[in-house]
Amino acid sequence: MEEVDVEPAVTNIPAARPGKHLGFAWGPCNILVHETFYKASGAQGSGCSFIHEVRKDEDIYSPILRKLFNESHHIFVGLQTIREDLPSKNKKSQFVSISKNYRSVIRACMEELQQVAVSTKVAEVATQYGNQVSILLAIELIWNLCEVLYIDAAPAGSLLLHLLDWVRLHKADVDEKAREVLQSESPAEHHDYWDVMVSYVLQGRLEEARQMLVKQAALQPAARKMYKLMDTLLSKMPFYNPGGTQTPTEFDVKWRHWHDEVDRCLKDNSFASNPHLEVICKILVGDEDTLLEQKELLSTWYHFLVTRLLFCHPTVKPTELHYYAQSCMTMFLDPRSVPEPLDSILLAAFEFDIHQVIKDCSIALNNWWFVAHLTDLLDHCKLLQSHNLHFGSNLREFLLLEYASGLFTHHSLWQLAVDYFDHCPEFGRVYLELQIERVPLDTERKALKVLRICEQRQMSEQVRSICKIMAMRALRNNRLGSALSWSIRAKDAAFATLISERFLQDYCARGMFSDLDLIDNLGPAMLLSDRLTFLGKYREFHKLYGEKHFSEAAKLLLSLMTAKIAPRSFWMTLLTDALPLLEQKEVIFSAEQTYELMFCLEELTSSLNTTAPDTDRTMQEEDIELTKVELLRLALARNLAMAIVKEGTVES
């Protein structure tokens, strides 16, 4: 991934094998890398090249991580609905709740990955899932710390309690080891007993430490007094109660009084006869050398930091954290070693440098999910208002756009990306328009989904494009009804005319219409083009004729010809359709209507005589055409005579 708001690092491509070069090409949203060959003069044979696809975001193809993307999408959409006019106090509780929801989704996904990693028998797959678990562990660790420091913004006193919960949540191996000890035949004699005991103290879990201590005291009746004293010290250690009436100052006085009591016990050598209890006493008094001796149990510098604050500075203020964090990191880590990316990110968090946290996470992590969602949440908390990027968008929008663009490369997750673009006010619309055009329209169902999205957002250009693509595809597959439906939806008059022509040709060839339901229910859509209007009205004529409404059918048929709606090439068909009406016992066409039909017939025959002969037509076809003309003239003459007689009789 590229670094946020800086120039991307240069990637060196290793030289290809002799006689070969590396070539690059854009695939559908991804890069295709391949070897190219050239032949030296006199070279024999040919080689084959492999094409490698370089995906933008590999994680979206993991079936388990897809659950993370789906679940977090719902949380994201819910976050955008929080009203701006709510009081800050109400919004803070909502933001904390949303942050915890995000973390619960991360943890659920992580637990599922762990189960799969353990159960799989393929080493490569187990390694892949193991790596993803490690990444999610780091993500949750960082997110949880940001929640404590920025979103919940715990004050002095409460801050340490939150940090203790943070360490305990991410240091679960103590509970596993404690379970082993307690399930053994003699827990007090177990080789890990004192490790568990000290670990409980280091995490401030003093009630559990006291329960452990009872088991050891039962084995040594002679030292009962010493164990009783340690139990008293552990039970007396004060913890700040945020919901109580005690002020931070009163708590500090009480804590110092307890601290002095522990210090006196240490100086009196009260635990000199038991080195384990003496170590615990030194930890309680906050002895730095003793704490550093427990590196193996602490395992990380930030655990060391929280333990040091617990036993030395329990009322630490948020503004003082950076000093203790830096010193603890320096004390704990080997001075010759380079800090890991995670160490740098956590240190930046303790220094309240939010933008550095986001920047380092963007570089270190393998996808945009984390930085996009965390930044969005922090932005809602009004913590990022001062930081804009030099190329126009703010940091939140930039990261959301990058994340959503990655989702668009996936065959199903692209639908989630739409909501992310919707909530990017500056460039979201532009990105959506560009990305929606790249979605492969594999099926009609998918095309309808894409179309619905575009229609809801009044993306008229994209609507037309999708409809044209689908109409062309349907036309190629000779699915005229579907093609017409798509062209109507696109409001494409030219294409609708073309398909209407195909319908009429199909009717001439087969003597019947296909897709009658569609044609019968064109409604106002038939006005899109003259040819479509004719198709709809011509079908209406057939319906009237079938229902024996002959007068209405005759009137409609005549209007199609006289209003010039019908194509000239179709006039003979219309006149032929008039024959059964002319042959009825009852007069259907009036004298005036008959004259109009005769005029149309003469106009048609004269135009046929004046045009160049059609070499493609056979003699038989010409004979049939002449026969039709003669039959029509005869029928029209007979009908005219009957109509004149009828109309004359009525007038008399």
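Being a predicted model, the structure only gives us computed values, none of them experimental.

Criteria and thresholds
Residues numbered from 1 in each chain as written. Predicted model: local features only at pLDDT ≥ 70, side-chain atom pairs only at ≥ 80, totals over all residues. Heavy atoms only, no water. Helix = DSSP H or I, 4+ residues; strand = E, 2+ residues; numbered from the N terminus. Contact = heavy atoms within 4.5 Å. Areas by Shrake-Rupley, 256 points an atom, 1.4 Å probe, with all protein chains shown as cover. Salt bridge = Lys/Arg side-chain N within 4 Å of Asp/Glu carboxyl O. Buried < 20%, exposed > 50% of the residue type's maximum accessible area, 1.4 Å probe, protein only. Axes fitted to C-alpha atoms, helices over the stretch in contact; angles between N-to-C directions. Parallel < 35°, antiparallel > 145°, perpendicular 65-115°, else oblique. Nonpolar A, V, L, I, M, F, W, Y, C, P; charged D, E, K, R; others polar. Phe/Tyr/Trp six-rings, centres within 6.5 Å; stacked < 30°, edge-to-face > 60°. Lys NZ or Arg CZ within 6 Å of the ring centre and 35° of its normal. Left-handed = near helix turned anticlockwise from the far one by under 90°. pLDDT = per-residue confidence, 0-100. Expected span 1.5 Å × (residues − 1). Core = buried A, V, L, I, M, F, W, Y, C linked by side-chain atoms within 4.5 Å. Polar contact = N/O pair within 3.5 Å; in protein donor to acceptor, adjacent residues only side chain to side chain.

Asks: How would you explain the overall build of the protein chain if you had to name every residue and give the values?
Replies: The helix and strand tally for the protein chain stands at 30 helices and three strands. Partitioning the intrachain contacts of the protein chain with sequence separation of at least 6 by distance along the chain shows that 63% fall at a separation of at least 24. Accessible surface, the protein chain as shown: approximately 34,200 Å² in total, 53% of it carbon and sulfur.

Asks: Outline the pattern of salt bridges, listing residues and values.
Replies: By the definition in use, this model includes 26 salt bridges. Here Arg-103 makes a salt bridge to Glu-140, at a shortest N to O gap of 3.8 Å. With Arg-103 in helix α2 (residues 88-119) and Glu-140 in helix α3 (residues 123-151), this residue pair connects regions lying 37 residues apart in the sequence. Neither residue differs from the other here; Arg-103 and Glu-140 are each classed as buried.

Asks: Talk me through unusual backbone geometry; I want residue IDs and the actual numbers.
Replies: Here the phi dihedral of Ala-153 falls at roughly 50°; this positive angle occurs in a residue that is not glycine. Mapped onto the secondary structure, Ala-153 falls in the loop between α3 and α4 (158-169). Here the phi dihedral of Asn-478 falls at roughly 60°; this positive angle occurs in a residue that is not glycine. Residue placement: Asn-478 occurs in the loop between α22 (460-476) and α23 (480-489). We classify Asn-478 as exposed; its relative accessible area is 51%.

Asks: For the packing of helix α19 (residues 414-422) against helix α21 (residues 444-456), give the residues involved together with the corresponding values.
Replies: Between α19 and α21, whose axes approach to 12 Å, the crossing angle comes to 5°. Taken together, α19 and α21 sit at an angle that is classed as roughly parallel. Where α19 abuts α21, its residues Trp-414, Gln-415 and Val-418 lie against Lys-446, Lys-449, Val-450 and Ile-453. Class assignment for the residues of the contact of α19 with α21 results in four nonpolar, one polar and two charged.

Asks: Lay out the packing of aromatic side chains in plain terms, naming residues and giving numbers.
Replies: For the structure on display, the rule yields 23 aromatic pairs. With centroids separated by 5.9 Å and ring planes inclined at 40°, the aromatic side chains of Phe-421 and Tyr-431 adopt a geometry described as tilted. Remark: Tyr-431 occurs in helix α20 (residues 428-436) and Phe-421 occurs in helix α19; sequence separation between them is 10 residues. With relative accessibility at 1%, the residue Phe-421 sits in the buried group. Classification of Tyr-431 by relative accessible area gives partly exposed; the value is 28%. These aromatic residues form a ring-pair network of at least three members: Phe-69, Phe-76, Tyr-403 and Tyr-420. Sitting over the ring of Phe-332, Lys-295 keeps its end group 5.2 Å from the ring centre.

Asks: Requested: an account of the environment of Val-439, with residues and values cited.
Replies: Mapped onto the elements, Val-439 comes out in the loop between α20 and α21. By relative accessible area, Val-439 is classed as buried at 7%. Taking the C-alpha atoms as reference, Val-439 lies 10.0 Å from Ser-412; in sequence the two are 27 residues apart. Apart from residues lying up to four places away in sequence, Val-439 is in contact with Phe-408, Trp-414, Lys-446 and Val-450.

Asks: Any details on the packing of helix α9 (residues 248-267) against helix α10 (residues 275-284)? Residues and values, ideally.
Replies: The N-to-C vectors of α9 and α10 enclose an angle of 145°; their axes lie 9 Å apart at closest approach. For the crossing formed where α9 meets α10, the hand is left-handed. Counting all contacts with α9, which are made through Trp-258, His-259, Val-262 and Leu-266, the residues of α10 involved are Glu-278, Cys-281, Lys-282 and Leu-284. Each residue belonging to the contact of α9 with α10 can be placed in one class, and the counts come to five nonpolar, one polar and two charged.

Asks: Quick one: what's the story with the environment of Tyr-324, residue by residue and with numbers?
Replies: One can find Tyr-324 in helix α14 (residues 321-332). Under the relative-accessibility criterion, Tyr-324 is labelled buried at 12%. With 26 residues separating them along the chain, Tyr-324 and Phe-350 place their C-alpha atoms 9.0 Å apart. With near-sequence residues (within four places) excluded, Tyr-324 lies in contact with Leu-305, Arg-308, Leu-309, His-313 and Val-316.

Asks: Explain the confidence of the model for the protein chain to me, and be specific about the residues and the numbers.
Replies: In the predicted model, the protein chain carries a mean pLDDT of 82, and 83% of its residues have values of at least 70. Between residues 1-13, whose pLDDT stays under 50, and residues either more than four places distant or in other chains, the model counts 23 contacts. The low-confidence segment residues 26-30, where pLDDT is below 50, has 11 contacts with residues more than four positions distant or belonging to other chains.

Asks: For α14, give the residues involved together with the corresponding values.
Replies: The end-to-end C-alpha distance of α14 is 16 Å, a good match for the 16 Å that 12 residues give at a rise of 1.5 Å each. Along α14, the residues classified as buried are Leu-321, Tyr-324, Ala-325, Ser-327, Cys-328, Met-329 and Phe-332. Check the buried side of α14 and you find it contacts α3, α4, α11 (288-293), α12 (295-298), α13 (301-312) and α15 (341-350).

Asks: Outline the nonpolar core, listing residues and values.
Replies: Counting 195 residues, the largest nonpolar core has Leu-163, Trp-166, Trp-301, Phe-350, Trp-369 and Phe-370 as its most contacted members. At 13 residues, the largest contribution of residues to this core is made by α3. Ignoring any residue separated from it by four or fewer positions in sequence, one finds Trp-166 in contact with Leu-141, Asn-144, Leu-145, Tyr-302, Val-306, Leu-346 and Phe-350.

Asks: Could you give an account of the side chain of Thr-375, with specific residues and numbers?
Replies: Structurally, the position occupied by Thr-375 is in helix α17 (residues 369-380). Within polar-contact distance, the side chain of Thr-375 engages the backbone oxygen of Val-371 at 2.5 Å. Look past the residues within four positions of Thr-375 in its chain and what remains in contact with it is Ile-358, Leu-384, Leu-395, Arg-396 and Leu-399.

Asks: Break down α3 for me, citing the residues and quoting the values.
Replies: For α3, which comprises 29 residues, the first-to-last C-alpha distance of 40 Å matches the rise-based estimate of 42 Å (1.5 Å per residue) to within 8%. Where α3 terminates, the next one or two residues include Ala-153, which has phi positive at roughly 50°.

Asks: Could you give me a rundown of the environment of Leu-79, with the residues and numbers involved?
Replies: In this fold, Leu-79 is placed in helix α1 (residues 63-80). Sequence-wise, Leu-79 and Gln-94 are 15 residues apart; in three dimensions their C-alpha atoms are separated by 8.7 Å. Once you skip the residues sitting within four places of it in the chain, Leu-79 turns out to touch Phe-95, Ile-98, Asp-376, Leu-377 and His-380.

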